[in-house]
Each structure stands twice: as C-alpha cells, then as structure tokens.
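One letter stands for each residue in the lines below.
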Amino acid sequence: MRREQQPASDYAGAIYGSLLAASVVAGTGPGQEPPHPAQLTILLLATGVVFWLSHVYAHLVGERSARALVSAHAFRAAARRDWPIVQAAVPPAAAVAIGAAVGMSDSGAAWLALAVAVGSQVGWASYVAAVGGATRGRLVIVAAVNLVLGLLIVLLKAALTH
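Residues numbered from 1 in each chain as written. Predicted model: local features only at pLDDT ≥ 70, side-chain atom pairs only at ≥ 80, totals over all residues. Heavy atoms only, no water.

Colleague: Would you explain the nonpolar core in this entry?
Modeller: The tendency in soluble globular proteins is for nonpolar side chains to be buried side by side. Of all hydrophobic cores here, the largest spans 24 residues; its most connected members are Val25 and Leu44. Residue assignment for this core shows that the elements contributing at least two residues are helix 1 (11–27), helix 2 (37–63), helix 3 (72–82), helix 4 (84–87), helix 5 (90–101) and helix 6 (106–131). (Core = buried A, V, L, I, M, F, W, Y, C linked by side-chain atoms within 4.5 Å. Buried < 20%, exposed > 50% of the residue type's maximum accessible area, 1.4 Å probe, protein only. Helix = DSSP H or I, 4+ residues; strand = E, 2+ residues; numbered from the N terminus.)

Now the structure itself:
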C-alpha cells in the first residue's frame, strides 16, 4: 500500500502561529500597564508550545480510529507538521527581548513584537502564495488580506489599551 507523503512542514501553522502571537500581544495589558518584556517573551513562547501540543493532540485524535493506539511515528509526524506554530512565536518573542535590551519601554517592546508578528504573518502567507505559483495580482491580494487581518489585531490592541 502506498503511503501519502506528508509535507515537511505546515506553512498554515506558521501563518496561524504568527496570528496567535499577534493575538497574545494584543490581549496583554488592556486597561493596565503592558507586561514586563521577560513576562511577554515567556508568554509568547509558552502559548506557542501549548497551542502546538493542542494541535498535535487534535490531529492524533482526529486521525485515528477510536480503538487504535497512537504510534510513536504518528506522534513524531504530527509534532513535526505542527512545529511551525512554535517557530512563529520566536520572532515576536525575540523582538520583545531585543526591544527591551536597546532601552524601549515595555509598551514599545510590545508594539514591536506585534509589528513583527503581523509582518511574519504577511511574509509567510506571501511566501506560500509565491511558492504555489500565484500571479503578482494574487500575491498582492494575499498580502493585503493578511495585512488586514493583522491590522484588525492591531486595532483591537489599540482600542483595548485606550
């Protein structure tokens, strides 16, 4: 029996992880001071790991029969497929740490992380479209749609913090 090839990575996970990271930053500090950069860095990375594990679990449960045990191979494949969710949390977390290291305020470092998360989301979506052979027009549409999604998160953060 021929086995279906699984992609080496799931770019949807990178896009989703970037949206998740942006949402984490947007959800911090409404009506109060933003978290300390170390706290925000840990929150971003921990959220990425928790959602990665949640996705791995959901894939494993959703793809097996009720009586079948999950094999180590299936676990590794699901973990590898969804790993970009964790990877997407790294650039915004690094942005927070770098922002703090260069003397940005806590709020400034959080906004930098949000910009990096949105930029990553637009970048990954555009990359996937380009690799998929999208025309220039479609690339512009993909980038614009993802930018609008990211800007909605930015607007949410702005509305909640003012």
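Now, onward.
Colleague: Mind showing me how you'd approach a nonpolar patch on the surface here?
Modeller: Judged by side-chain polarity, Ile141, Val145, Val148, Leu149, Leu152 and Leu155 come together as a nonpolar surface patch covering roughly 560 Å² of accessible area. Of note, Val148 is situated in helix 7 (residues 136–161). The class of Val148 is partly exposed, set by a relative accessible area of 48%. (Patch = residues over 30% accessible without salt bridge, like charges linked within 9 Å, V, L, I, M, F, W, Y side chains within 5 Å. Areas by Shrake-Rupley, 256 points an atom, 1.4 Å probe, with all protein chains shown as cover. Salt bridge = Lys/Arg side-chain N within 4 Å of Asp/Glu carboxyl O.)

Colleague: For this particular structure, what's the right way to read the packing of aromatic side chains?
Modeller: The description of an aromatic ring pair rests on the distance of the ring centres and on the angle between the ring planes. Tallied over the entire structure, the rule returns 5 aromatic pairs. Summarising the aromatic geometry, the rings of Tyr16 and Phe51 are spaced 6.5 Å apart at their centres and angled 50° between planes, so their arrangement reads as tilted. Of this pair, Tyr16 sits in helix 1 while Phe51 is found in helix 2, placing the two residues 35 residues apart along the sequence. Tyr16 gets classed as partly exposed once you look at its relative accessible area, which sits at 31%. A relative accessible area of 32% means that Phe51 is categorised as partly exposed. Clustering of aromatic rings is evident, with ring pairs tying together Tyr11, Trp124 and Tyr127. (Phe/Tyr/Trp six-rings, centres within 6.5 Å; stacked < 30°, edge-to-face > 60°.)

Colleague: Is there a simple way to think about the packing of helix 2 against helix 3 in this case?
Modeller: Working note: a packed helix pair is described by the angle between its axes plus the distance between those axes. At a closest axis distance of 9 Å, the pairing of helix 2 and helix 3 adopts a crossing angle of 135°. Of the possible angle classes, the one that applies to helix 2 and helix 3 is oblique. The chirality of how helix 2 crosses helix 3 is right-handed. Of helix 3, the residues touching helix 2 (which contributes Trp52, His55, Val56, His59, Leu60 and Glu63) are Ala74, Phe75, Ala78, Ala79, Arg81 and Asp82. (Axes fitted to C-alpha atoms, helices over the stretch in contact; angles between N-to-C directions. Parallel < 35°, antiparallel > 145°, perpendicular 65-115°, else oblique. Left-handed = near helix turned anticlockwise from the far one by under 90°. Contact = heavy atoms within 4.5 Å.)

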